[in-house]
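Given next are the chains, with one letter for each unit.
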Amino acid sequence: MVAYTPLIIVLFPLLGFLFLGLIGSRIKNEKLIGLIGSGTVGLSFLVALGLFFQMTGLHPEERKHVVELFTWISAFTGTASSFSVSVAYQIDQLSILMTLIVTGVGFLIHVYSIGYMHGDPGFWRFFTYMNLFIFAMLNLVLADNFLLMFLGWEGVGLCSYLLIGFWYEKKFTGDAAKKAFIVNRVGDFGFLLGMFLIFVNFQSLNFDAVFGRAAVLNPNSTMVWITLLLFIGATGKSAQIPLYVWLPDAMAGPTPVSALIHAATMVTAGVYMVARCSILFALAPATLEVVAIIGALTAIFAASIGLVQNDIKKVLAYSTISQLGYMFLAMGVAAFTAGIFHLMTHAFFKALLFLGSGAVIHGMHDEQDIQKMGGLKKYLPTTYRTFVIGAIAIAGIPPFAGFFSKDEILWKTFSGEYGSVLLWVVGALGAGLTAFYMFRLVSLTFEGDERFDHHHVHPHEAPKTMTVPLQVLAFLSIVGGFVGIPASLFGGNTIEHWLEPVFAPANDKLRLTSHSVEWTEYLLMFISVGIAVAAIYAARTVYLKRAELAERWKNKYASLYKVLLNKYFVDEVYDKTIVNPTVKISEGFLWKGVDVSVIDGAVNGSAKLVALAAQGIRRIQTGVMQQYATVFVGGIVLIMIWLILK
Amino acid sequence: MNNYLTDFWQATPIVSLAIFALLTLIVDAAGKDKPVLSYWMSLIGIVVAAGFSVASLGASTPLFNTMLAQGGYSSYCNLIFLGSAFLCIVLSRNYLERLQYHRGEFYVLIILATVGMMLMAAALDLMIIFLGIELMSICLYVLAGFIRKKEKANESSLKYFLLGAFATGFLLYGIALIYGTAGTTNLALIGKSFPQLSHNSLFMIGAGMLIVAFSFKVAAVPFHMWAPDVYEGSPTTISAFMSTGAKAAAFAVFVSVFIRTFDIGGTKLSDVLAIIAAVSMIVGNVTAIAQNNLKRMLAYSSIAHAGYMLSGIAAGNIEGETGILFYLSAYVFMNIGAFGIISWMEQQDDKKLTFDDYAGLSSQHPAVAALMAIFMFSLAGIPPFAGFFGKYYVFLAAVKAGMTWLAIIGVLTSLISVYYYLRLVVLMYFRDGQASIEEKVSAPAMAAISCAALFLIVLGLYPSLVVDIAKGFFKI
Amino acid sequence: MLEGYIPIFVMLAGGAAFGIVMVKLNELFGPKHPTEEKYTTYESGMEPVKSARERFSIKFYMVAVLFILFDIEVVFLYPWAVTFKGLGVNGFITMAVFIFILLVGYYYVWRKGALEWD
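For every chain, the first residue of its written sequence is number 1, and the numbers climb from 1 along that sequence. Here every chain gets a letter starting at A, and every ligand a number starting at 1, in the order they are written. With the structure being a predicted model, the display of local features is reserved for residues of pLDDT at least 70 and the display and counting of side-chain atom pairs for 80 or more, all residues being used for whole-chain, interface and lining totals.

**Q** For this particular structure, what's the right way to read the overall build of chain B?
**A** Numbering of helices and strands runs from the N terminus; a helix is a DSSP stretch of H or I covering at least four residues, while a strand is a stretch of E covering at least two. A count of helices and strands for chain B gives 21 helices and two strands. The buried share of chain B, taken over its 476 residues, is 63%. Sequence-distant contacts, at least 24 apart, represent 78% of the contacts inside chain B between residues at least 6 apart. With C-beta atoms placed from the backbone, a residue counts as buried when 20 or more other C-beta atoms lie within 10 Å of its own, as exposed when 12 or fewer do, and as partly exposed for counts between those limits. Throughout, a residue-residue contact means that the two C-beta atoms, derived from backbone geometry, are no farther apart than 7 Å.

Shown next as structure tokens:
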């Protein structure tokens with residue numbers, strides 16, 4: 001194995017970022033910019049792929065290795081408790097998988113963006129930010145210590161902010177970007193505190209050191225605090241209750257950004273972080289319970305909102321939140337592999353769906369309201385076909401990718417030591433809702449009557465640079481699940497074996513036993529597929545065959561509909577209870593009271609004092625040599641007195 | 001007794017630079033009015049000496065009957081001095097041509113001063129320290145008054161000389177007292193008997209005299225009075241050299257005497273140094289606020305920086321030593337960068353030296369303004385520039401040595417310093433004005449300053465680059 | 001302890017006595033014809049009391065400085081020559097280096113014309 005391969009993987013996007021950032025504005029040729037922007041990510045992907053194949057040839061124990069580049073910050077003394085952090089990259093089964101997802105899906109989305117962003121005045125800026133994002137994300141997943149991971153974590157947050165507000169001339173994109181940033185700060189604060197606690201307890205931030213020391217501990221309350229704080233960080237980045245509110249607004253950014261950052265990669269960082277720290281969470285069963293409950297709640301909560309949204313991207317955004325909930329549910333019931341597996345398949349089909357929606361928006365001249373669409377399959381055949389594949393995959397119909405991963409999670413929720421039947425019911429119900437809103441979306445967008453204005457809108461299929469990535473992702477959404485076919489369906493569950501060494505310490509700690517195939521597993525599989533099929537049928541009936549039904553239900557359950565449409569009024573509640581009071585207190589008390597009178601007063605006062613002192617001391621500097629010598633001698637005398645008398 | 005010829009051969013950095021200085025002097029005297037030749041020869045000499053220094057970074061060997069140490073710590077310091085001298089020479093050429101004072105002797109004097117600095121860092125004996133300080137100082141006295149028809153230059157030269165001679169008297173007196181009590185001038189031998197000597201008040205007075213003399217050279221309060229006047233009157237590039245190279249050399253001596261030789265932790269000497277550090281930080285930063293002339297502002301800022309570094313000396317531990325070595329390498333480049341840009345702006349008769357002359361610079365010269373901003377941020381100690389880690393390390397040393405109060409004063413006064421550093425940045429970027437550079441900046445000068453800025457960023461992101469080297473020198 | 005210094009004290013006393021005796025003898029036997037000029041401090045033409053801020057030609061300083069420089073050379077050379085045998089080769093090398101550096105300075109001074117009075 002070439003020792004510095006991880007470095008090369010990380011370096012390409014960085015070079016792309018630097019190049020485009022420095023001279024991108026002077027390159028007039030869009031093709032060249034697109035080529036550089038996507039090429040660097042593509043090269044990283046190829047290198048990562050090569051590394052991956054090399055790893056498959058090795059014995060499982062030999063697959064992990066760490067490349068230490070340099071000591072980043074060190075605090076001298078060689079004692080065990082001294083603070084020392086390296087810039088070091090860790091390649092293991094989990095991080096290579098994440099790297100492949102980030103660079104692979106990232107590459108496709110970069111290619112797609114060449115078509116999507118065509119003609120935008122900020123074309124070069126877009127690719128600059130995107131490359132920076134890939135660089136930061138790779139740092140996040142490849143880091144071998146918490147601090148470097150945090151650097152990547154903040155880096156992707158910054159890129160997310162920049163890209164949500166990419167069209168900064170509109171006010172609402174700026175607001176959305178700020179919201180994303182500020183909500184994430186809350187989570188980041190938790191992450192930081194968790195990191196401090198880790199350092200205090202383990203005297204290191206290095207993964208190997210921390211996890212090695214943790215492996216011999218017993219569950220205790222400190223670990224609960226650490227993991228809870230880390231999980232708060234994860235809820236921010238991965239849009240879980242209560243910090244999910246920024247993600248739907250983040251759809252203000254360009255659609256490829258929504259696909260890459262707010263669906264496929266960045267928002268899964270929280271899941272990755274929990275998986276990476278699985279041993280710490282294993283030491284805190286109480287936290288695991290919290291994670292599972294939050295995950296399940298988010299899954300069904302967001303899915304229910306998705307039922308009634310009319311903005312094509314908003315539906316997908318709530319769907320993303322809901323799917324992330326499933327991943328956390330998996331983490332919470334200690335089904336770490338299943339969670340990562342779902343992360344991967346979700347990256348495929350959610351990127352596909354977002355890019356498909358982007359193609360629709362592109363074809364409809366920036367129209368996002370599905371009530372003004374309909375019958376588009378005639379005009380956008382490729383988009384339609386791939387979109388349906390994505391919808392089937394997310395709905396969990398076998399043998400598409402989503403089925404295997406979601407089913408794995410549901411089964412582990414039902415059967416695992418840390419799961420429960422109640423959580424399973426919630427999960428299965430959420431899956432049904434998912435299937436329903438997805439096919440509602442498909443039906444309203446692509447099928448049925450054409451509700452758009454034929455005079456102004458002429459739907460057209462997207463260019464090749466956009467459809468090819470769609471087709472590749474559609475292919476992956478079909479076959480992506482085959483790496484995780486469970487034993488009950490006569491599969492090898494390759495991904496579980498691949499990831500086993502990573503989660504072995506946590507599994508040992510939790511004393512998880514592997515289950516033999518049971519008949520209940522088939523039953524549950526059957527039930528969940530049944531729910532999904534029923535939901536799809538229901539959606540098609542309501543929105544295609546008997547459109548009046550939808551209208552009638554809307555009137556009958558008007559209050560419920562209103563609650564859902566307004567997303568349970570959570571934003572309003574947050575505004576009332578947190579944002580407005582904070583603003584009011586900030587304005588009335590902190591700004592006008594504390595800031596102006598106390599702090600400004602103190603600052604200006606001390607500044608005045610200093611300035612006064614400065615004027616005073618300045619007078620001593622007369623320019624007369626004899627006085628200088630006098631001061632000099634005065635100093636000597638004082639020193640001598642001190643040295644002799646004290 | 002081994003042959004001195006081999007010793008000469010081994011002390012390559014110092015010897016080669018001295019030979020280059022003499023050669024340059026001969027060439028300058030032989031040909032008429034070709035200062036460019038001296039310019040190039042001195043640059044080559046510096047590069048050669050730097051090459052020898054890099055080659056000997058690893059181990060250190062005593063030479064000339066343990067008078068000099070070659071390699072290791074001294075080589076590291078050499079690189080700092082040589083870097084300072086190199087930048088100063090590159091910047092001086094245009095500056096002197098503009099003022100019509102381009103003479104070959106200028107460069108010779110800079111190199112000879114650098115030889116003196118290298119002797120100071122390499123010294124293993126108090127006599128060599130004295131020799132080095134004098135060699136350096138005499139050259140600087142002349143350089144300070146190099147623009148000899150300018151009244152202020154004469155004034156600054158004379159002031160520097162008189163007070164310098166005054167300080168030298170105390171240095172010699174201190175050496176004499178130490179010799180009288182310790183019976184030797186060899187640093188290693190004095191270090192061995194330091195535990196007993198530290199109860200001898202005559203010895204302590206001698207050591208106190210050394211503190212006085214060295215504090216004068218680093219411009220620490222209350223021996224700082226010369227600095228603003230001298231920096232203001234000297235050619236700007238020489239102010240840069242004095243505030244970086246000469247200060248670094250004085251700190252190199254401070255470290256080798258007070259940390260490496262005396263184990264001052266917890267003694268009265270440490271208290272004295274801590275007080276000097278605290279007063280320097282306060283007086284330097286507070287007075288800098290009231291300045292309108294940039295050169296004077298930087299003079300007070302350099303007094304404050306001397307205070308920061310002295311807190312590392314006062315701590316007297318490994319963190320202090322490593323911290324100072326890091327601080328010096330950062331400080332030299334940021335200060336010389338700031339002075340360099342001032343030398344570009346400056347016009348005949350001390351015009352364009354005030355803060356207001358920089359208003360709106362960013363719109364006329366975005367690159368220059370950006371570089372200046374980097375230097376200001378670094379001087380203010382704002383990450384990710386090297387200045388931040390410099391302060392971090394010396395304050396850390398102070399805290400570890402149980403002098404938390406000193407670190408607190410340091411942080412508070414740094415806060416004050418942010419005001420006057422950022423004032424310049426604000427003027428450059430957020431005020432309308434007609435600031436401009438009259439003549440074109442030469443490419444080598446621009447390249448040199450850009451390299452200094454780049455170095456600050458690299459060090460700020462990757463402090464271990466230098467810290468790891470510096471850590472290896474502790475207690476030889 | 002102080003016995004060793006007795007010859008010196010004798011020498012000092014002898015020297016002082018000789019000086020005093022000679023001056024007093026001169027005073028006793030010498031002829032005296034005082035005039036006003038003769039009573040001034042420096043009778044060779046210097047004004048004893050006037051403003052000290054007088055300008056001298058820089059040439060005087062040049063000569064003085066050069067004299068000090070090369071005089072130090074002699075001060076150095078003399079003890080070196082006395083102990084030359086004991087110092088051996090190293091002594092020779094060191095002094096050769098010293099003389100060489102001094103020569104470079106001499107060459108510089110010469111080329112710059114500092115040795116010419118006009």
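Now that the structure has been shown, we can carry on.
**Q** Just to check I follow, could you spell out the packing of helix H25 (residues 625-645) of chain A against helix H10 (residues 201-218) of chain B for this structure?
**A** Working convention: axes come from line fits to C-alpha atoms, limited for helices to the stretch in contact. Angles between N-to-C directions cover 0 to 180 degrees. Running from amino to carboxyl end, H25(A) crosses H10(B) at an angle of 150°, the nearest separation of the two axes being 10 Å. When the axis of H25(A) is compared with that of H10(B), the two are roughly antiparallel. Once H25(A) is placed against H10(B), the crossing between them reads as right-handed. On H10(B), the residues that touch A:Ile636, A:Ile639, A:Met640, A:Leu643 and A:Ile644 of H25(A) are B:Ser201, B:Met204, B:Ile205, B:Gly208, B:Ile211 and B:Val212. For this scheme, ten residues count as nonpolar: Ala, Val, Leu, Ile, Met, Phe, Trp, Tyr, Cys and Pro. Four count as charged, namely Asp, Glu, Lys and Arg, and the remainder, Gly too, count as polar. Residues belonging to the contact of H25(A) with H10(B) are distributed by class as follows: nine nonpolar, two polar and no charged. In what follows, roughly perpendicular refers to angles from 65 to 115 degrees, roughly parallel to angles under 35, roughly antiparallel to angles over 145, and oblique to any angle outside these ranges. Crossing handedness follows the turn of the near helix against the far one: under a right angle anticlockwise gives a left-handed crossing, and clockwise gives a right-handed one.

**Q** Would you explain the interface of chain B and chain C in this entry?
**A** When the parts of a complex come together, some accessible area is lost, and that lost area is often taken as the interface size. Chain B puts nine residues into the contact, and the matching count from chain C is ten residues. For the side of chain B that touches chain C, the secondary-structure elements that each account for two or more residues are helix H1 (4-10) and helix H2 (12-30) of chain B.

**Q** Where do I start with the interface of chain B and chain A in this structure?
**A** Counting residues at the interface gives 35 residues for chain B and 30 residues for chain A. Breaking the side of chain B that touches chain A down by element, the ones donating at least two residues are helix H7 (151-182), H10, helix H11 (226-233), helix H13 (268-289), helix H15 (318-345) and helix H21 (464-471) of chain B. Examining the composition of the side of chain B that touches chain A, we find that seven residues originate from one element, H13(B), more than from any other.

**Q** For this particular structure, what's the right way to read the pairing of strand E2 (residues 84-91) of chain A?
**A** Note on strand geometry: in a regular strand, side chains alternate between the two faces of the sheet. Residue and element names in this part refer to chain A. Summarising burial for E2: seven of the eight residues are buried, a large majority. As paired elements, strand E1 (residues 65-74) and E2 share eight bridges and run antiparallel to each other. By the bridge assignment for E2, valine 67 is matched with tyrosine 89. Pairing between two strands requires that DSSP report at least two bridges joining them.

**Q** I tried to follow the nonpolar core on my own but got confused; where do I start?
**A** Inside soluble globular proteins, nonpolar side chains tend to come together where they are buried. Core analysis: the largest hydrophobic core is formed by 211 residues, its most contacted members being B:Met120, B:Ala249 and B:Leu456. Sorting elements by how many residues they give to this core places H15(B) first, with 17 residues. Leave out the neighbours within four places in its chain, and B:Met120 touches B:Ile129, B:Gly132, B:Ile133, B:Met136, B:Ala249, B:Ala252 and B:Val253. Here, a nonpolar core denotes buried Ala, Val, Leu, Ile, Met, Phe, Trp, Tyr and Cys residues that are linked to one another through C-beta atoms within 7 Å. Of all hydrophobic cores here, the second largest spans 208 residues; its members include A:Phe107, A:Leu132, A:Ala252 and A:Val426.

**Q** Explain H21(B) to me, please; I cannot follow it from the model alone.
**A** Turn by turn, an α-helix covers 3.6 residues, leaving residues three or four places apart pointing in a common direction. Every buried residue belonging to H21(B) is among B:Val466, B:Val467 and B:Ala470, and all of these are buried. Projected down its long axis, H21(B) carries its buried residues within an arc of 100°, all on one side. Those residues of H21(B) that are buried lie in contact with E1 of chain A together with helix H4 (73-99), H15 and helix H20 (443-461) of chain B. Note that the arc is computed from the directions linking the helix axis to the C-beta atoms.

**Q** Help me understand the environment of A:Phe199, please; the structure alone is not making it clear to me.
**A** Examined against the element boundaries, A:Phe199 turns out to sit in helix H6 (residues 171-202). The sequence separation of A:Phe199 and A:Phe83 amounts to 116 residues, and the corresponding C-alpha distance is 8.7 Å.

**Q** What is the right way to read H10(B) from this model?
**A** All names here are of chain B. With 18 residues, H10 should reach 26 Å at 1.5 Å per residue; the first-to-last C-alpha distance of 25 Å fits that figure. With 15 of its 18 residues buried, H10 lies for the most part within the structure. Just downstream of H10 lies alanine 219, where phi reads positive at about 65°. One less than the number of residues in a helix, times 1.5 Å, gives the span that helix is expected to have.

**Q** How do you make sense of the confidence of the model for chain B when you look at a structure like this?
**A** For chain B, per-residue confidence averages 90 on the pLDDT scale, and 99% of positions sit at 70 or higher. Across chain B, the secondary-structure element scoring lowest on mean pLDDT is H21(B), at 79, and the one scoring highest is helix H6 (residues 126-144) of chain B, at 95. Residue-level confidence of the predictor is what pLDDT reports, using numbers from 0 through 100.

**Q** Sorry if this is basic, but what is going on with unusual backbone geometry here?
**A** Excluding glycine, residues mostly carry a negative phi; peptide bonds, for their part, are mostly trans. Cis rather than trans, the peptide bond between A:Ile241 and A:Pro242 has omega equal to 5°. B:Pro222 follows B:Val221 through a cis peptide bond whose omega is 5°. With respect to the secondary-structure elements, B:Pro222 resides in the loop between H10 and H11. Backbone geometry places A:Gln203, a non-glycine residue, at a positive phi of 55°. For A:Gln203, the location among the structural elements is in the loop between H6 and helix H7 (207-214). By the C-beta count within 10 Å, which is 16 here, A:Gln203 ends up partly exposed. Despite not being glycine, B:Phe64 shows a phi value in the positive range, around 50°. Within the secondary structure layout, B:Phe64 lies in the loop between strand E1 (61-63) and strand E2 (68-70).

**Q** Help me out: how do you make sense of the environment of A:Asp449 in this one?
**A** Residues and elements named next belong to chain A. Structurally, aspartate 449 is set in the loop between helix H18 (421-446) and helix H19 (464-479). On the basis of neighbour count, aspartate 449 is assigned to the exposed category, with 11 C-beta atoms found within 10 Å. For the pair formed by aspartate 449 and glycine 374, sequence separation is 75 residues and the distance between their alpha carbons is 5.4 Å. The contact partners of aspartate 449, leaving out residues within four places of it in the chain, are Gly374 and Gly375.

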